[in-house]
Amino acid sequence: MEVVLEAIEGQAPPVDTFVSMRIGDVQKQSRFASSRTYRFPNPGDGRAGFGRIEVFKRIGHLTVGFESLEGDSQDVEVPCDSMDNALRMRLAVKSLEAAKEPVGPEKKSRTRMRVDAAQKYLSEHKLEEVLAEAMREVIAAKPNDPHGFLSDLILKRREKAPGAPEAVKPAKAAPELPEDGKAQKAAPHPLPEAAKAAPPPLPEAAKAAPPPLPEAEKAAPPPL
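Basis of the calculations
- Residues numbered from 1 in each chain as written.
- Predicted model: local features only at pLDDT ≥ 70, side-chain atom pairs only at ≥ 80, totals over all residues.
- Heavy atoms only, no water.
- Helix = DSSP H or I, 4+ residues; strand = E, 2+ residues; numbered from the N terminus.
- Expected span 1.5 Å × (residues − 1).
- Buried < 20%, exposed > 50% of the residue type's maximum accessible area, 1.4 Å probe, protein only.
- Arc of directions from axis to C-beta.
- Pairing = 2+ DSSP bridges.
- Axes fitted to C-alpha atoms, helices over the stretch in contact; angles between N-to-C directions.
- Polar contact = N/O pair within 3.5 Å; in protein donor to acceptor, adjacent residues only side chain to side chain.

Caption draft 1: Examining helix α2 (residues 127-141) more closely. The first and last C-alpha atoms of α2 sit 21 Å apart over 15 residues, in line with the 21 Å expected at 1.5 Å per residue. When α2 is considered as a whole, its buried residues turn out to be Val130, Ala134 and Val138. Projected down its long axis, α2 carries its buried residues within an arc of 60 degrees, all on one side. Of the residues in α2, the exposed ones pointing more than 90 degrees away from the buried face are Arg136, Ile139 and Ala140. In the segment just after α2, Lys142 is the residue with positive phi, at about 50 degrees.

Caption draft 2: Spotlight on the sheet that holds strand β3 (residues 26-31). One open sheet accounts for three strands, arranged β3-β2-β5; its pairing is antiparallel. Each having just a single partner strand, β3 and β5 (52-57) make up the two edges of the open sheet. Adjacent strand axes in the sheet meet at a mean angle of 20 degrees, parallel and antiparallel pairs treated alike.

Caption draft 3: The arrangement of the side chain of Gln74 in detail. With respect to the element layout, Gln74 can be found in strand β6 (residues 70-78). Of the polar contacts made by the side chain of Gln74, one reaches the backbone oxygen of Gly65; its length is 3.0 Å.

Structure representation (structure tokens):
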């Protein structure tokens, strides 16, 4: 967003006066002039509808030299017009630019090998084609659950891919043991009532005495 701040005609800006404009977390400050333009990023969270203007008057200034860029501190004193003594403060400056090391041929070779290996992996599994096709389909379908839609598409493509591993069947669950952890033997089934009854009686013919021998067998044996 752009903010233009202009002085009213006929009003001369006071000497050593500065204006600060703050919107969201960004604050910009400059010497008050007849016209100033400030540009701010959108702060979000509904904070773009208001800002804060602050007016400052310079009471002191000092030009300092940076003795070190390694974060070492140095004491400075800023003389001020409305103060009996100078304003003392401590200043430390550290460079954020790290020293760039020259890249040797060995490091370039390792980087190239990693890039080639990654490209080969993508090509073997056709991952770029799968993702591109999935993105086209999800944009065309616009499902309510795009994450689940993409997951199903990729899994279907995986099943069609040659050499895809077969789904592992779940193993049968072992029978549950009783609470004491020991298997109990099942009680034998009770015999039917017919099996408990006494055996049937023998027929009358089986109870009768054996038949008598014939008369010839009753005679005395022949003499010697």
